[in-house]
Amino acid sequence: MIINGVSIDDTFAEAFPMKGTRAIITAQNEKWAMISAQAMTGFATSVIACGCEAGIERVLDPSETPDGRPGVSIMIFAMGGKGLAKQLETRAGQCVLTSPTSALFAGIDEGKQIPLGKNLRYFGDGFQIAKKINGKRYWRVPVMDGEFLTEATTAQVESVGGGNFLVLAESQPQALAACEAAIEEMRKIPNVIMPFPGGVVRSGSKVGSKYPALGASTNDAFCPTLKGVTKTDLSPEIESVMEIVIDGLSKEDIDKAMRVGIQAVCDLGAENGIKRISAGNYGGKLGPFHFHLREIMA
Amino acid sequence: MSALTFNLKKRTDQRVDMSPLVCQKLEGMAPADIGSIELQCGKLKLRADELFSISGEATSHIIIAGSFSKLDFIGKELQEGSITVEGDVGAYLGQSMKSGRIHVSGNAGLYAGCEMKNGLLQVDGDAGDFVGAALPGNKQGMKGGTILVKGNAADRVGDHMRRGAILIEGNVGDYCGSRMVAGTIAVMGQSGRYLGYAMRRGTLLMWNKPALPATFSDCGSHTLAFLPMLFKSFAELNSKFADADVAFNRVQRFGGDLAETGKGEVLVRL
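Residues numbered from 1 in each chain as written. Chains lettered and ligands numbered in written order. Predicted model: local features only at pLDDT ≥ 70, side-chain atom pairs only at ≥ 80, totals over all residues.

## As for the overall build of chain B
Quick note on the threshold: In DSSP terms, a helix is any run of H or I states spanning at least four residues, a strand is any run of E spanning at least two, and both are numbered starting from the N terminus. The globule rule used for comparison is 2.2 Å times the number of residues to the exponent 0.38, while the radius of gyration itself is calculated over C-alpha atoms. Burial is judged by counting other C-beta atoms within 10 Å of a residue's own C-beta: 20 or more means buried, 12 or fewer means exposed, and anything between counts as partly exposed, with every C-beta placed from the backbone. Residues are defined as contacting one another if the C-beta atoms placed from their backbone atoms lie within 7 Å.
From N to C terminus, chain B includes four helices and 17 strands. In terms of C-alpha radius of gyration, chain B reaches 19 Å, essentially the compact-globule figure of 18 Å for 270 residues. Once the C-alpha set of chain B is aligned to its principal axes, its extents read approximately 65 × 35 × 25 Å. Within chain B, buried positions represent 49% of all 270 residues. For chain B, long-range pairs separated by at least 24 residues make up 39% of all intrachain contacts whose partners lie at least 6 apart in sequence.

## Notes on the overall build of chain A
A count of helical and extended segments in chain A gives six helices and 17 strands. Taken over C-alpha atoms, the radius of gyration comes to 21 Å for chain A, in line with the 19 Å a tight globule of 298 residues would show. Judged by the C-alpha coordinates and their principal axes, chain A covers about 65 × 40 × 30 Å. A burial count over chain A gives 46% of its 298 residues as buried. In chain A, of all internal contacts separated by at least 6 residues, the share reaching a separation of at least 24 is 74%.

## As for the interface of chain B and chain A
What counts here: Here the nonpolar group is Ala, Val, Leu, Ile, Met, Phe, Trp, Tyr, Cys and Pro; Asp, Glu, Lys and Arg are the charged ones; every other residue, Gly included, is treated as polar.
Tallying the contact residues gives 13 residues for chain B and 16 residues for chain A. At the level of secondary structure, the elements contributing two or more residues to the side of chain B that touches chain A comprise β15 (217–223) and α4 (226–232) of chain B. Per element, the largest residue contribution to the side of chain B that touches chain A is four residues, and it comes from α4(B). Across the side of chain B that touches chain A, the residue classes tally to seven nonpolar, three polar and three charged.

## Comments concerning the domain arrangement of chain A
Residue and element names in this part refer to chain A. For clarity, the cut-off: Reported domain spans reflect what an automatic or database domain assignment gives.
For chain A, the domain assignment lists domain 1 (2–14 + 160–296) and domain 2 (19–157). Computed from C-alpha coordinates alone, the two centres of domain 1 and domain 2 are separated by 30 Å. Between domain 1 and domain 2, the residue contacts involve 11 residues of the former and 12 residues of the latter. Taken together, the residues that form the side of domain 1 that touches domain 2 break down as eight nonpolar, one polar and two charged.

## Remarks on the environment of A39(A)
All names here are of chain A. Tracing the backbone shows A39 in helix α1 (residues 30–40). Assessed through the 17 C-beta atoms surrounding it within 10 Å, A39 is described here as partly exposed. Separated by 52 residues in sequence, A39 and R91 place their C-alpha atoms 8.2 Å apart. Contacts of A39, omitting those with residues within four sequence positions, involve C95 and S99.

## A closer look at the nonpolar core
To be explicit about the condition: A set of buried residues qualifies as a nonpolar core if it consists of Ala, Val, Leu, Ile, Met, Phe, Trp, Tyr and Cys joined through C-beta atoms within 7 Å.
Core analysis: the largest hydrophobic core is formed by 167 residues, its most contacted members being I25(A), I74(A), V167(A), A178(A), V265(A), V131(B) and I168(B). With near-sequence residues (within four places) excluded, V167(A) lies in contact with A175(A), A178(A), C179(A), V241(A), M242(A), V265(A), I274(A) and I277(A).

## Notes on helix α4 (residues 172–186) of chain A
Residues and elements named next belong to chain A. Going by this rule: By definition here, a helix of n residues has an expected span of 1.5 Å times n minus one. What the arc describes is the spread of directions from the helix axis to the C-beta atoms.
Taking 1.5 Å of rise per residue, 15 residues should cover 21 Å, and α4 covers 21 Å from first to last C-alpha, within 8% of that figure. Of the positions making up α4, those classed as buried are A175, A178, C179, A181, A182 and M186. The arc that holds every buried residue of α4, seen down its axis, measures 160 degrees, which confines them to one face. Residues of α4 that are buried make contact with β11 (153–169), β12 (192–193), β15 (240–248), α5 (251–268) and β16 (274–278).

## A closer look at the packing of α4(A) against α5(A)
In a packed pair of helices, the relevant descriptors are the angle between the two axes and the axis-to-axis distance. Residue and element names in this part refer to chain A. The condition is simple: All axes are obtained by fitting lines to C-alpha atoms, using only the stretch in contact for helices, and the reported angles, taken between N-to-C directions, cover 0 to 180 degrees. Handedness of a crossing is defined here by the sense of rotation of the near helix relative to the far one, left-handed for an anticlockwise turn of less than a right angle and right-handed for a clockwise turn.
α5 packs onto α4 with a crossing angle of 140 degrees between their chain directions and a minimal axis gap of 8 Å. When the axes of α4 and α5 are compared, the crossing they make is right-handed. On the side of α4, the interface is formed by A178, A181, A182, E185 and M186, while α5 contributes A257, V260, G261, A264, V265 and L268. Residue composition of the contact of α4 with α5, grouped by class: nine nonpolar, one polar and one charged.

What follows is the structure in structure tokens.
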């Protein structure tokens, strides 16, 4: 399959079941909602070392938020429910409770309820106040700038993590430009996040390492500087490879995000140095979700 | 199916216990069986069809027409369904109701919505003492749901209230929110003496500055984020509280009752 001169590999991305949730952060203005959201989703690129994968889903209009203020919706994914609950609570406590003028609400109602502000309320040292509004419990926690308003719980749902595709280009600037174009389009798709910095990862990994202590190491088959010394997967003209990883609430959401992302890359086409689209997998033996590139782009 | 309608034939001298005529108890009953239900009236027992002419079949919606102030316990422990009352009602309206809706076009007596757990209770006229309160000797009053009084309410509104919202469009008497454990009472009109007497937690939301006991302390003026959400939750009500123009988020906050734990608050519109 070739789209606008870009070859689509006959391969698939392999993804895993994860537990996911969404939270809505609001503040006096969009600037401070975004600051809080960025803090909460910081250091959350990969479950390998961060404990979770998190990202900003989108900016919310005041008409879309529970308290009618500007907001940002964020999503967090983890391998298990316990880990997700811990990450959510820790991050909410350190990054949203602390952020000026912020308030925190559930972004998903249906599903297993996990604590959002339920335990953060104890920061109020007994001065916290519960309010049940329209069947939902909220906590008003007195803080130095006024009150921190938070919903008690949010819902945890079955999700999918690790959808991905690789952009193979003739140069590093061209690979990055293509990924930026893809991310811009993919951010318009609901229910997904791209957890790596700016949505793009340049250090894709393979399972295992020559060092026994490491479970993963650089994906040498896609490292352009190793073309001559390893069993490479790159043709001579490829000088840079970048990856986009996607976590989402469902396989269909990731399908959609991959489709618009790959299309955006292909729109730049061979004339802008984009040569191939590939994907990362483990032979299909580890993850139950397979995203076949050619099926997605058919 | 048309609503099951109880049209009062005659006013009794004694008070009538209306608690058997509640939606979930009448479900599936034949009209003749409903007519044969005995209602306590003073020391007598009256058949329902002696007191009311009965028409309609839909037990999920009951209409009590020609009601007057001696019909007690209307909607007691109501679960699902709705009750519409044309006229006044006696005491214990909607006592311990679990869900559903009760609408009274006239006035209500003592203990309206006492110990109610959920649902909506609306009184278009005035309400007597102890709206949403605990029964004598009990420690917890209303535990959930919404009571809306479009007229005035008398003394001890929300006495021992535990959760839920009591909305009064008119004035309230003395001891509003007394011994309150938690919940929200909103009053658009004036309030009497001893507001929030011995309240432990909870919110009294006042449109007009009340005369507060000395055991409430001024915590200053604030913009509170939860208030717009609270007002938004009233949007579906047939009430002044649903009007977006009456909403506010800027208040003077008074903490108290400091003679108790002092975790309650009186919020006065600024």
